[in-house]
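Spelled out, the chains give:
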Amino acid sequence: GQPALRERFWRIWTLKEALLKARGTGIAGGLASIAVGFDDADRPRILRRDGADDAAVEWRLFECRPTETTRLSIACGGIGAMHGEIRVECRTAAMD
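Residues numbered from 1 in each chain as written. Predicted model: local features only at pLDDT ≥ 70, side-chain atom pairs only at ≥ 80, totals over all residues. Heavy atoms only, no water.

(A) Local environment of the nonpolar core. Grouped together as the largest cluster of nonpolar side chains are eleven residues: L15, A18, L19, L20, L31, I34, V36, F38, W59, L61 and A75. Listed by contribution, the elements that provide at least two residues to this core are α1 (2–22), β1 (34–38) and β3 (58–64). The element contributing the most residues to this core is α1, with four residues. The contacts of L61, once residues within four sequence positions are left out, are L15, L19, V36, P44, R45, I46, I74 and A75. (Core = buried A, V, L, I, M, F, W, Y, C linked by side-chain atoms within 4.5 Å. Buried < 20%, exposed > 50% of the residue type's maximum accessible area, 1.4 Å probe, protein only. Helix = DSSP H or I, 4+ residues; strand = E, 2+ residues; numbered from the N terminus. Contact = heavy atoms within 4.5 Å.)

Encoded structure:
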């Protein structure tokens, strides 16, 4: 239904935005230049990166939900980035 489509949209948007920012181009790099999908365990995967001048860089995408109404996506890249672990710790802070 509509809530599931909206959730999927925001997941894809934040993942693309994280990758474009990590590559140094930001949104100007073109959201359409990246295709993101999900594996059988619902983990994000990069399906396509058009015009990528960083072909040697391996990218990994991560996401979490710090709160019910927020989404956090992180792109990590480097040689050998597909191996090992990354630890992301979300903390709550009062916003006055």
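(B) Layout of the pattern of salt bridges. Applying the stated rule across the entire model yields ten salt bridges. Here D42 makes a salt bridge to R11, at a shortest N to O gap of 2.9 Å. Of the two residues, D42 sits in the loop between β1 and β2 (44–49) while R11 sits in helix α1, which places them 31 residues apart along the sequence. A residue is classified by how much of its surface remains accessible, and D42, at 39% relative accessible area, is partly exposed. (Salt bridge = Lys/Arg side-chain N within 4 Å of Asp/Glu carboxyl O.)

(C) Quick look at the packing of aromatic side chains. As enumerated under the stated definition, the model contains three aromatic pairs in all. When the ring of F9 is compared with that of W13, the centres are 6.0 Å apart and the planes differ by 35°; the resulting orientation is tilted. Note that F9 and W13 are positioned in helix α1 at a spacing of four residues, about one turn of the helix. Judged by relative accessible area, W13 falls into the partly exposed class, the value being 30%. One aromatic cluster is present, formed by F9, W10 and W13 through successive ring pairs. (Phe/Tyr/Trp six-rings, centres within 6.5 Å; stacked < 30°, edge-to-face > 60°.)

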